[in-house]
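Fold and contact review
What follows is the residue order along each chain.
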Amino acid sequence: MDLQLSALDWDHSLDTSIRVITLESFNVAALRTKALLHIVRESNMKAATVTLQQLLASAERIEPGNHRLLLEICQLFSRICSRNLDLLQVTLQCIEKVNQQNPGNVCLLTELGYQKLLLDNVADAELAFHAACNVDGSNFDALCGLTLCKLRCPVDVESRQQIRQQLAYLMKLCDYKPEPVVLYMSALMTDPKEQQISPVQLLEEATELHFRKLEGLSFGVEYICCMNPDFMLELCAALIRQTPTAIKEANFELNLDQESMHITIKHSLNILESILHVCPGHQGALFTRAKVDFLCGEHSKAMSRLQHILNVFGETFTDAHLLFAQILVEKKQYPKSLEYLELSLVQNFTVRDRPMYHLLKGIILKNQQKLSEAHQSFLLALQLVGGMSTVMQPPDYITPSDRSDKMINSSDKMTLYIELIYILREMGDSQGIYESERILQTAIEEFNGTTEMGRLVIAHSQLMLEKCNIPKAISLLSTIKPDQPYYVQARTHLANIYLRHQKNRNGFSRCFKELVEVRPEPKSFLMLGEAYLSIQETNMAIDAYRKAYNMCPSNALLAKNLGRAYVKSHHYAKALKYYHEVIQSPDCSALKLDLAELFLKLKHFQNAINILSDADGHKITDDSLTELQLRTKQLLLLARVHEKSGNIPESLKALEKARDNQYIVQKRCAVDQSENIHEQYKILSK
């Protein structure tokens, strides 16, 4: 059973545990394995809770007085249950009972504190940790718990100083050897306005140290206890809070997968993949993975994961509905987004106490031109978040409590400020414009020196443009330096000002040249190429695209852009040669359509038919939605080629095949919830 579990052979391990329980109903190891698999594999919290109760009763019966065994069981299940309230109540009751039987035990008192903390009962958790410290004033875990409690409370100057002193003492206790939990708490305490080590560096080091502890361990009870998915998700949530928000108004926001990911996203993905590898049913990890997909701009993937979460965990998971609404706002599907907001309200009326609910509702109302109502929603969101007050936040994946409902991260609060500023200016009255200026100054004072300041500077520059103060807008954008998170967006906005407002083509291209000098990576060269194309400098665009492609020849997006640049510059011979070379790569086989388009443009109909017929003969994997969609595009193009060549019967045959294939695509999308079904209907209507 344990060997099967270590090999991640879930089915056989579960079967073995059930057979053992049938023979010996009080077998602790078998019950523990069964309960564990209910959680990590099936996400079946009800069955896990029932089995856990049987496990604890069996442990007390088989080994009475063995509080160490009960402690280990409670630690194991409380750290992998995604803070499920029912299961945590079982582990808490067990720890409280054992603690009463063994008064003065530091380990039990410390675990009691952590159990309370998992339930977000900070006051009682702090009492338990204080009791543990009274027994042993140098207990590392108890002191860490006390510090975590301080971090969960509003932090003023005095308490911040106390926490820093506690962290310094914790470092001394562990002989100044870095510990993941201390590094994590230090990251939460960093002040962006002070010159010191960045929180991202601390979180990165904490993650690496934590993973190092898992080396040499095979999957099992010891591995999960050491892994502590709950703590890993706290690390992940802290990293996500340090992730810059993409500014959608900026042009050339192109996804180049790993090449363009922010370092915090890379580490977050590493953490989440590690958790989901051994706990594929972990609710917190699944939800956070959807959130990371959203931050990466992969909206379809994020929505598919959220739909899976709702299918598995039920419609009452309000956070999933809110994230759904947030994604749809980004996609500008405002009516659908409003539906999800209303659905979240139906499932849980306390969602009205969340700033994010009112922020999203305000954005939707603004785009429906209901400016006064949108303004009220933004004001209510700001009131709920506490206005100017800044407090530490719990991890984003937690099912919120009354206190944490009123928390939003700094990025969302910046969005709130910017939306308020814009809505007041759109309303047009002099009082509103004055109020927008006041809020702008408030935001500058609050975020000055932080990573989010770049967004505010860009928004400020947009306001200067509205006032026709172009020099001030340029001056503001020029203050964002290469080492700051929003440098790329600032360069893009600055370039657009040069081109649209000053008709300065040299200034426009210079912005992207400077970007390439500072960040010589594929994305930068791709943006430079797009910039040159927009001002009809096709030869320079080709050179920039070629450099980007040479850096990452397996990237289909880079290959596609280089080919299209050849075509736009009328270098047809070079384009034909290039396409014939690049389509030999499996990663770029989809460019056969681009080659066929070029043959069609040149009226080489038979060559186009040959290329598309080869693609049609390519074996389609039934499970590959991408290939099915590509086949629809190929057949539609083939129909166009036959039509242009005058072969109407063959054109109709190709259209019929395209229609039949698109029906398959629609059914797959409806089942998987992985694509926008309305887009597929549009394709079918063609």
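Given the structure is predicted, the values throughout are model-derived calculations rather than measurements.

1. Side note on the overall build of the protein chain
Looking only at helices and strands, the protein chain features 36 helices and 0 strands. Per-residue burial over the protein chain gives 52% buried out of 686 residues. Taking the contacts inside the protein chain whose residues are at least 6 apart along the sequence as the reference set, 58% of them involve residues at least 24 apart. Element-wise, carbon and sulfur atoms account for 51% of the exposed surface of the protein chain, whose accessible area totals about 31700 Å².

2. A word on the pattern of salt bridges
For the structure shown, the criterion picks out 33 salt bridges. Note that Lys 116 is salt-bridged to Asp 124, the shortest N-O span being 4.0 Å. Judged by its relative accessible area of 13%, Lys 116 falls in the buried class. Its relative accessible area of 32% is what places Asp 124 among the partly exposed residues.

3. Structural notes on helix α34 (residues 625-644)
Taking 1.5 Å per residue, 20 residues should reach 28 Å; α34 reaches 29 Å between its end C-alpha atoms and fits that length. Turning to α34, its buried residues number three or more, namely Leu 625, Leu 628, Gln 629, Arg 631, Thr 632, Gln 634, Leu 635, Leu 637, Leu 638, Ala 639, Val 641 and His 642. Phi for Gly 646, located one or two positions after α34, is positive at around 90 degrees.

4. Here's the deal with the confidence of the model for the protein chain
With 90% of its residues at a pLDDT of 70 or more, the protein chain has an overall mean of 84. In the predicted structure, residues 247-259 sits below a pLDDT of 50 and forms 39 contacts with residues beyond four places in sequence or in another chain. Contacts from residues 389-405, a stretch scored under 50 in pLDDT, to residues over four places away or in other chains number 53 contacts.

5. As for the packing of helix α5 (residues 67-80) against helix α7 (residues 106-118)
The description of two helices packed together rests on the angle between their axes and the distance between the axes. α7 packs onto α5 with a crossing angle of 20 degrees between their chain directions and a minimal axis gap of 11 Å. By the criterion of interaxial angle, the relationship of α5 to α7 is roughly parallel. By crossing handedness, the relation of α5 to α7 is classed as left-handed. Of the residues in α7, those in contact with His 67, Arg 68, Leu 71, Cys 74, Gln 75, Ser 78 and Arg 79 of α5 are Cys 107, Leu 108, Glu 111, Tyr 114, Gln 115 and Leu 118. The class makeup of the residues in the contact of α5 with α7 is 6 nonpolar, 4 polar and 3 charged.

6. Details of unusual backbone geometry
In this structure, Ser 43 takes a positive phi of about 60 degrees despite not being glycine. Since its relative accessible area comes to 10%, Ser 43 is described here as buried. With phi around 65 degrees, Gln 369 is a residue other than glycine that occupies positive phi space. If you trace the backbone, Gln 369 turns up in the loop between α20 (355-367) and α21 (371-385).

7. What about the environment of Arg 659?
For Arg 659, the position within the fold is in helix α35 (residues 648-672). Judged by relative accessible area, Arg 659 falls into the partly exposed class, the value being 41%. Separated by 27 residues in the primary sequence, Arg 659 and Thr 632 place their C-alpha atoms 7.8 Å from one another.

8. A few points about the nonpolar core
Formed by 215 residues in total, the largest nonpolar core has its most connected members in Phe 77, Tyr 184, Met 185, Leu 306, Tyr 579 and Val 582. The residues contacting Val 582, other than those within four sequence positions of it, are Tyr 549, Ala 559, Cys 588 and Leu 591.

9. Side note on the packing of helix α9 (residues 140-151) against helix α11 (residues 180-189)
Where α9 meets α11, the closest approach of the two axes is 11 Å, and the angle between their N-to-C directions is 20 degrees. By the angle between their directions, the pair α9 and α11 is classed as roughly parallel. Of the two possible hands of crossing, α9 and α11 adopt the one that is left-handed. Here Phe 140, Cys 144, Thr 147, Leu 148 and Leu 151 of α9 come into contact with α11, specifically with Val 181, Val 182, Tyr 184, Met 185, Leu 188 and Met 189. Here the residues of the contact of α9 with α11 sort into 10 nonpolar, 1 polar and no charged.

10. Points about helix α23 (residues 430-447)
Spanning 18 residues, α23 covers 26 Å between terminal C-alpha atoms, matching the ideal 26 Å at 1.5 Å per step. Of the residues making up α23, those classed as buried are Gly 432, Ser 436, Ile 439, Leu 440, Thr 442, Ala 443, Glu 446 and Phe 447. The buried residues of α23 occupy one face: seen down the axis, they fall within an arc of 165 degrees. Seen from the open side of α23, the exposed residues pointing more than 90 degrees away from its buried face are Ser 430, Gln 431, Tyr 434 and Glu 445. Contact partners of the buried residues in α23: α22 (410-427) and α24 (453-466).

11. Observations concerning the environment of Pro 335
Along the polypeptide, Pro 335 turns up in helix α19 (residues 334-347). Under the relative-accessibility criterion, Pro 335 is labelled exposed at 56%. Along the chain, Pro 335 and Ala 325 lie 10 residues apart, while their C-alpha atoms are 9.8 Å from each other.

12. What to know about a nonpolar patch on the surface
Taken together, Ile 648, Leu 652 and Leu 655 make up a surface patch of nonpolar side chains, about 250 Å² in accessible area. In this structure, Leu 655 sits in helix α35. Judged by relative accessible area, which is 34%, Leu 655 ranks as partly exposed.

13. So, the packing of aromatic side chains
One pass over the full model with this rule turns up 10 aromatic pairs. Centre to centre, the rings of Tyr 184 and Phe 231 are 5.7 Å apart; their planes meet at 85 degrees, and the pair counts as edge-to-face. In this pair, Tyr 184 sits in helix α11 while Phe 231 sits in helix α14 (residues 229-241), placing the two residues 47 residues apart along the sequence. Phe 231 shares its class with Tyr 184; the two are buried. Here the aromatic rings of Phe 324 and Tyr 340 are separated by 4.4 Å at their centres, their planes lie at 15 degrees, and the arrangement is stacked. Placement of the pair is Phe 324 in helix α18 (residues 318-330) and Tyr 340 in helix α19, with a sequence separation of 16 residues. Judged by relative accessible area, which is 15%, Tyr 340 ranks as buried. Connected via pairs of aromatic rings, a cluster forms that spans Tyr 549, Tyr 566, Tyr 578 and Tyr 579. Taking NZ or CZ as reference, Arg 61 lies 3.8 Å from the ring centre of Phe 26, over its face. Sitting over the face of the ring of Tyr 498, Arg 510 holds its NZ or CZ atom 5.6 Å from the ring centroid.

14. With respect to the environment of Val 20
Along the chain, Val 20 turns up in helix α2 (residues 10-23). Judged by relative accessible area, Val 20 falls into the partly exposed class, the value being 24%. Taking the C-alpha atoms as reference points, Val 20 and Ala 30, 10 residues apart in sequence, are found 6.3 Å from one another. Residues within four places of Val 20 in sequence aside, it is in contact with Asn 27 and Ala 30.

About the criteria used
- Residues numbered from 1 in each chain as written.
- Predicted model: local features only at pLDDT ≥ 70, side-chain atom pairs only at ≥ 80, totals over all residues.
- Heavy atoms only, no water.
- Helix = DSSP H or I, 4+ residues; strand = E, 2+ residues; numbered from the N terminus.
- Buried < 20%, exposed > 50% of the residue type's maximum accessible area, 1.4 Å probe, protein only.
- Contact = heavy atoms within 4.5 Å.
- Areas by Shrake-Rupley, 256 points an atom, 1.4 Å probe, with all protein chains shown as cover.
- Salt bridge = Lys/Arg side-chain N within 4 Å of Asp/Glu carboxyl O.
- Expected span 1.5 Å × (residues − 1).
- pLDDT = per-residue confidence, 0-100.
- Axes fitted to C-alpha atoms, helices over the stretch in contact; angles between N-to-C directions.
- Parallel < 35°, antiparallel > 145°, perpendicular 65-115°, else oblique.
- Left-handed = near helix turned anticlockwise from the far one by under 90°.
- Nonpolar A, V, L, I, M, F, W, Y, C, P; charged D, E, K, R; others polar.
- Core = buried A, V, L, I, M, F, W, Y, C linked by side-chain atoms within 4.5 Å.
- Arc of directions from axis to C-beta.
- Patch = residues over 30% accessible without salt bridge, like charges linked within 9 Å, V, L, I, M, F, W, Y side chains within 5 Å.
- Phe/Tyr/Trp six-rings, centres within 6.5 Å; stacked < 30°, edge-to-face > 60°.
- Lys NZ or Arg CZ within 6 Å of the ring centre and 35° of its normal.

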